[in-house]
Amino acid sequence: MDAMLPPLLLVGCGNMGGAMLDGWLKEGLAPSFIIDRHRPSVPAPHHLVRSADEVPDSFHPGMIVLATKPQKVDAVMTAIAPFALRAPVLSVLAGRRAGDLTDCLTDALPAGSPMPLVIRAMPNTPSSVGQGMSVCYAPPAATAAQRALCTRLLRAVGDVAWIEHEDEMDAVTAISGSGPAYVFLLAELLEEAGIAEGLPPDLARQIARQTVAGAGALMVRSGVDAATLRRNVTSPGGTTQKALDVLMAPDAWPATLSAAIRAAARRSRELSGALPVS
Ligand SMILES: NC(=O)c1ccc[n+]([C@@H]2O[C@H](COP(=O)([O-])OP(=O)(O)OC[C@H]3O[C@@H](n4cnc5c(N)ncnc54)[C@H](OP(=O)(O)O)[C@@H]3O)[C@@H](O)[C@H]2O)c1
């Protein structure tokens, strides 16, 4: 294992903050402060507080990780702004732009203070088992060391990629941020379909879950592209072909998935304020 991850100020420890924290704890994390109203506990030597005002002024984080809901972040900006003069901020909020968050922090600081730095990342919940996918965007003011620190933190919980254009974050959010939900839905629907075909519920669940997990593991470990792996399952004139004829019809999965991704990306733009709420 590499050296310990730096101390963090984690603001919000629900589904996503908690998933990342689980991954960081497994990797070894320097004593950190976690702000959350609901999490029951964090292991020693970390500190759980219920409000941003309870973090001692003496704390020097290596990074501040923002993981509240986008609509709830403004309420904590004043309390965390002084820490943002000591460490870069890594926001995993959907939609909220780096410049917008920087402005909120700047407004909460005395006039003439240095400008805080906000880097964005879009992780996903498989981070909790070290299988996350995080895509990062840093404004031009970020240093190579600050970018490297983000990469190191997020690499500890999965794969990391960087984008140079913040606008791409809306599509990233729709695909990899929200994507685990689509895959879990697939597992749910396979299970329901198995039961509808007369299988015992326990067996339907087992085969649905392991099929989704096994297919994902095969794709990763083989490195073979998804279309080839799909063709390898599809015997000419066989059972898979019959199912794919239904799923791959232009008005079926191709249309449905692209409409779903468009809707999610649009919602990300709405959260940024770039589009009116529909
Ligand atoms: N969930 C995902 O898969 C995912 C993936 C990528 C990115 N994200 C982003 O991650 C962020 C968090 O999403 P989530 O699903 O983890 O939300 P969540 O489960 O609601 O977690 C946020 C946590 O922060 C707490 N919190 C908020 N403001 C607080 C405050 N002032 N003091 C103390 N605790 C506070 C919330 O408590 P209350 O509920 O009481 O406010 C909640 O426990 C969002 O911005 C989302 O866009 C999520």
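- Taking an unreviewed UniProt entry as the reference, the protein is identified by name as Pyrroline-5-carboxylate reductase belonging to Komagataeibacter medellinensis.
- Under the Pathway (unreviewed entry) heading, UniProt states for the protein: "Amino-acid biosynthesis; L-proline biosynthesis; L-proline from L-glutamate 5-semialdehyde: step 1/1."
- Quoted verbatim from the Sequence similarities (unreviewed entry) field of UniProt, the annotation for the protein is "Belongs to the pyrroline-5-carboxylate reductase family."

**Let's talk about the packing of helix 5 (residues 169-177) against helix 6 (residues 179-196)**
Thinking step 1. Here helix 5 crosses helix 6 at 30°, and the two axes come no closer than 5 Å. Relative to helix 6, helix 5 is oriented roughly parallel. Mapping the contact onto sequence places Ala174, Ile175, Ser176 and Gly177 in helix 5 and Gly179, Pro180 and Tyr182 in helix 6.
Thinking step 2. Partitioning the contact of helix 5 with helix 6 into residue classes produces four nonpolar, three polar and no charged.

**Let's talk about the UniProt feature "domain: Pyrroline-5-carboxylate reductase dimerisation" (unreviewed entry) in the protein**
Thinking step 1. Per the UniProt record, the feature "domain: Pyrroline-5-carboxylate reductase dimerisation" (unreviewed entry) sits at residues 166-271.
Thinking step 2. A distance of 14 Å separates the end C-alpha atoms of residues 166-271, which is 80% helix and 0% strand.

**As for the side chain of Ser176**
Thinking step 1. Within the secondary structure, Ser176 sits in helix 5.
Thinking step 2. What Ser176 contacts, discounting residues up to four positions off in sequence, is Asn124, Met133 and Val135.

**Some points on the packing of helix 6 against helix 7 (residues 201-222)**
Thinking step 1. Axis separation between helix 6 and helix 7 bottoms out at 8 Å; the angle between their running directions is 145°. The element helix 6 and its partner helix 7 pack so that their crossing is right-handed. Contacts between helix 6 and helix 7 involve Val183, Leu186, Ala187, Leu190, Glu191, Gly194 and Ile195 on the former and, on the latter, Pro201, Ala204, Arg205, Ala208 and Val212.
Thinking step 2. Residue composition of the contact of helix 6 with helix 7, by class: nine nonpolar, one polar and two charged.

**With respect to the sheet that holds strand 5 (residues 89-91)**
Thinking step 1. Spatially, the eight strands line up as an open sheet ordered 3-2-1-4-5-6-7-8, and their pairing is mixed. This sheet does not close on itself; its edge strands, each paired only once, are strand 3 (47-49) and strand 8 (158-162). Adjacent strand axes in the sheet meet at a mean angle of 20°, parallel and antiparallel pairs treated alike.
Thinking step 2. Two elements, strand 1 (residues 8-11) and strand 2 (residues 33-35), share three bridges in a ladder whose sense is parallel. The residue bridging Leu9 from the neighbouring strand is Phe33, located in strand 2.
Thinking step 3. The strands touched by helix 1 (residues 15-27) are strand 1, strand 2 and strand 4 (63-66); relative to strand 1, the strand with the most contacts, the crossing angle is about 155°.
Thinking step 4. Lying over the sheet, helix 3 (residues 98-107) contacts strand 5 and strand 6 (118-122), oriented at roughly 135° with respect to strand 6.

**Details of the nonpolar core**
Thinking step 1. Residues Trp24 and Met63 are the most contacted members of the largest nonpolar core, which totals 30 residues.
Thinking step 2. Residue assignment for this core shows that the elements contributing at least two residues are strand 1, helix 1, strand 4, strand 6 and helix 4 (144-155).
Thinking step 3. Among the elements that line this core, the one with the most residues is helix 1, at five residues.
Thinking step 4. Not counting the four nearest positions on each side in its chain, Trp24 is found in contact with Leu5, Leu8, Leu29, Val65, Leu153, Ala156 and Val157.
Thinking step 5. In terms of nonpolar packing, the next biggest core, distinct from the first, is built from 27 residues, Met77, Ala81, Leu105 and Leu109 among them.

**Here's the deal with the site of the ligand**
Thinking step 1. Neighbouring the ligand are 22 residues, the closest being Met16, Asp36, His38, Thr68 and Lys72.
Thinking step 2. Between the ligand and Lys72, the relevant distance is 2.7 Å, taken from an oxygen atom to a side-chain nitrogen or oxygen of the residue.

**Concerning the environment of Ala208**
Thinking step 1. By the element assignment, Ala208 lies in helix 7.
Thinking step 2. For Ala208 and Ala30, which are 178 residues apart along the polypeptide, the C-alpha to C-alpha distance reads 39 Å.
Thinking step 3. Those residues in contact with Ala208, other than ones at most four positions away along the chain, are Ala187, Leu190 and Glu191.

Thresholds, definitions, all that
Position labels on residues start from 1 in each chain and follow its written sequence. In keeping with the predicted nature of the model, local features appear solely for residues at pLDDT of at least 70, side-chain atom pairs appear and are counted solely at 80 or more, and the whole-chain, interface and lining totals rest on all residues. Neither water nor hydrogens contribute to the side-chain values; these are computed over all heavy atoms in the structure. UniProt positions are given in the numbering used here, feature names are shortened, and annotations may be inferred rather than shown by experiment. As a rule, the C-alpha atoms of each element are fitted with a line to give its axis, helices using only the stretch in contact, and angles between N-to-C directions run from 0 to 180 degrees. Strands here mean DSSP runs of E at least two residues long; helices mean DSSP runs of H or I at least four residues long; both are numbered from the N terminus. For this classification, under 35 degrees means roughly parallel, over 145 means roughly antiparallel, 65 to 115 means roughly perpendicular, and everything else is oblique. Contact between two residues is taken to exist if any of their heavy atoms lie within 4.5 Å; hydrogens are not considered. Each residue is assigned to one of three groups, with Ala, Val, Leu, Ile, Met, Phe, Trp, Tyr, Cys and Pro labelled nonpolar, Asp, Glu, Lys and Arg labelled charged, and all others, Gly among them, labelled polar. For any pair of crossing helices, the crossing counts as left-handed if the nearer helix is rotated counterclockwise from the farther one by less than a right angle, and right-handed if it is rotated clockwise. The pairing criterion is simple: DSSP has to find at least two bridges between the two strands. Grouping buried Ala, Val, Leu, Ile, Met, Phe, Trp, Tyr and Cys residues that are joined through side-chain atoms within 4.5 Å yields what is termed a nonpolar core. Each residue's exposure class comes from its accessible area (1.4 Å probe, protein chains only) as a fraction of the maximum for that residue type: buried when under 20%, exposed when over 50%, partly exposed otherwise. Residue proximity to a molecule or strand is established when one non-hydrogen atom of the residue lies within 4 Å of it. The term polar contact refers here to a pair of N or O atoms within 3.5 Å; inside protein, the definition further demands a hydrogen-donor-capable atom paired with an acceptor-capable atom, and it admits residues adjacent in sequence only when both atoms are side-chain atoms.

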